[in-house]
Every structure is written in structure tokens, then in C-alpha cells.
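Coordinate inspection notes
Each chain is listed here by its residues.
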Amino acid sequence: CEGRLMQFLIHKDLRTNSTIRWLLCSYLIALIAYLILMPVLEMDQVGITPLEIVRHVRGDASQFLAARSLVDVITDIHIKLFLHTIIGLILSAILLRTTWRDGLKTITVALLFLLPLLETLGLLGTSVVDPYFALLKCFGFWSLAGLQSILSASLLAFLLRPIR
């Protein structure tokens, strides 16, 4: 058993070990399901358009919505940053074992970690600086959701492709 584990750690192609292949495919399928449902949750918690984000974070007197406290915003940021870091690490680990060009891998990995920071900055900025930061939050959210979705589907296709 220990020899097979070492073989996985040494071998570059993830598709050669059926257990690891099954595990990663299962993870990617679950991640794709999560990513499909993520906008629904985001719509309820913060909003998915700049106007909704401003209303949820800064409040709306005409609809009797109170502004979210800074502690609530920081709690939301804390959870999302941790979650997106773990997702980014796993997707990056799989991506680095693919046949993609190195430059494309580098840009993709950088975006996996920069886009959550943009989203965070947008949410925090909307809360304490200016409502226009909601545009940054919106851009970060949709860009990250798109990148993670496309990357997850691409990596799943890579893992399911037969070895030549």
C-alpha cells in the first residue's frame, strides 16, 4: 500500500492511479454542483448585482433594511476566503499535473487566488468606504465563479480522458 502511495506522489499523470482519479473526479463533480448553487446562496446573503450588494450591506431605509454590521461583513469574508483558498489549492494541485502550457497554468493559479481578494476588497469597501466598491465585489464574484466552473469542468474532462 505504501509503495502505491509513493508511486502516486512521484508519477506526474494523475490518471494512472484509479483511486486518486476516482477521488478527484468525485471532488470535481461535487465542486461543480456547489458552483451551480453558489449564486443562489450569494443572492440571499449579499446579492449578485451591485445594487443588491449595496442594499444588503449598507441597508435601504425605503425597504426597512438595516445595514450589516462590520462584524457580520468580516465573518462573511473570513468564511469565503478560507473556502476559496481551499478550492484554489485543490484546483491548482490538479492543474499543475495537466498538459496545459506553463504560462496558462501560472495565470490561472494567480487568478484563483487574486479574484477572491478582489471580491473581499469589494465587499469590505462597500461596507466602510463607498457603494461603488460593489462593482468590484460583483466583478470578483462573477469572475471567480466563471473561472472555477470552467476550470473544474476542464479538469474533470482531463481526468476522464483515457491515457494514451
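Please read these numbers as outputs of a predicted model, since none were measured by experiment.

With respect to the overall build of the protein chain
A tally of helices and strands in the protein chain yields 6 helices and 0 strands. Counting from the amino terminus, the protein chain carries its helices and strands in the arrangement α-α-α-α-α-α. Along the first, second and third principal axes, the C-alpha atoms of the protein chain reach 65 × 30 × 25 Å. Out of the 164 residues belonging to the protein chain, those deemed buried represent 37%. Sequence-distant contacts, at least 24 apart, represent 70% of the contacts inside the protein chain between residues at least 6 apart. Once the 14 positive and 11 negative side-chain charges of the protein chain are each reduced to a mean point, those two points are 14 Å apart.

What about the environment of Thr 108?
By the secondary structure assignment, Thr 108 is in helix H5 (residues 102-128). Given the relative accessible area of 6%, Thr 108 is considered buried. In this structure, the C-alpha to C-alpha distance between Thr 108 and Leu 151, residues 43 residues apart in sequence, is 8.7 Å. Aside from chain neighbours lying at most four places away, what touches Thr 108 is Leu 95, Trp 100, Leu 147 and Leu 151.

So, a nonpolar patch on the surface
A cluster of nonpolar residues, Leu 70, Ile 74, Leu 124, Val 128 and Val 129, forms a patch on the protein surface that exposes about 410 Å² of accessible area. Of all the secondary-structure elements, those providing two or more residues to the nonpolar patch are helix H4 (70-95) and H5. Within the secondary structure, Leu 70 is located in helix H4. With relative accessibility at 40%, the residue Leu 70 sits in the partly exposed group.

A closer look at the nonpolar core
Grouped together as the largest cluster of nonpolar side chains are 24 residues, with contacts concentrated most on Leu 28, Leu 91, Ile 94, Leu 155 and Leu 159. The dominant element in this core, judged by the number of residues it contributes, is helix H6 (residues 133-160), at 9 residues. Apart from residues lying up to four places away in sequence, Leu 91 is in contact with Leu 28, Leu 31, Leu 112, Gln 148, Leu 151, Ser 152 and Leu 155.

The rules we used
Residues numbered from 1 in each chain as written. Predicted model: local features only at pLDDT ≥ 70, side-chain atom pairs only at ≥ 80, totals over all residues. Heavy atoms only, no water. Helix = DSSP H or I, 4+ residues; strand = E, 2+ residues; numbered from the N terminus. Buried < 20%, exposed > 50% of the residue type's maximum accessible area, 1.4 Å probe, protein only. Contact = heavy atoms within 4.5 Å. Lys, Arg positive; Asp, Glu negative; His and termini not counted. Charge placed at Lys NZ, Arg CZ, Asp CG, Glu CD. Patch = residues over 30% accessible without salt bridge, like charges linked within 9 Å, V, L, I, M, F, W, Y side chains within 5 Å. Areas by Shrake-Rupley, 256 points an atom, 1.4 Å probe, with all protein chains shown as cover. Salt bridge = Lys/Arg side-chain N within 4 Å of Asp/Glu carboxyl O. Core = buried A, V, L, I, M, F, W, Y, C linked by side-chain atoms within 4.5 Å.

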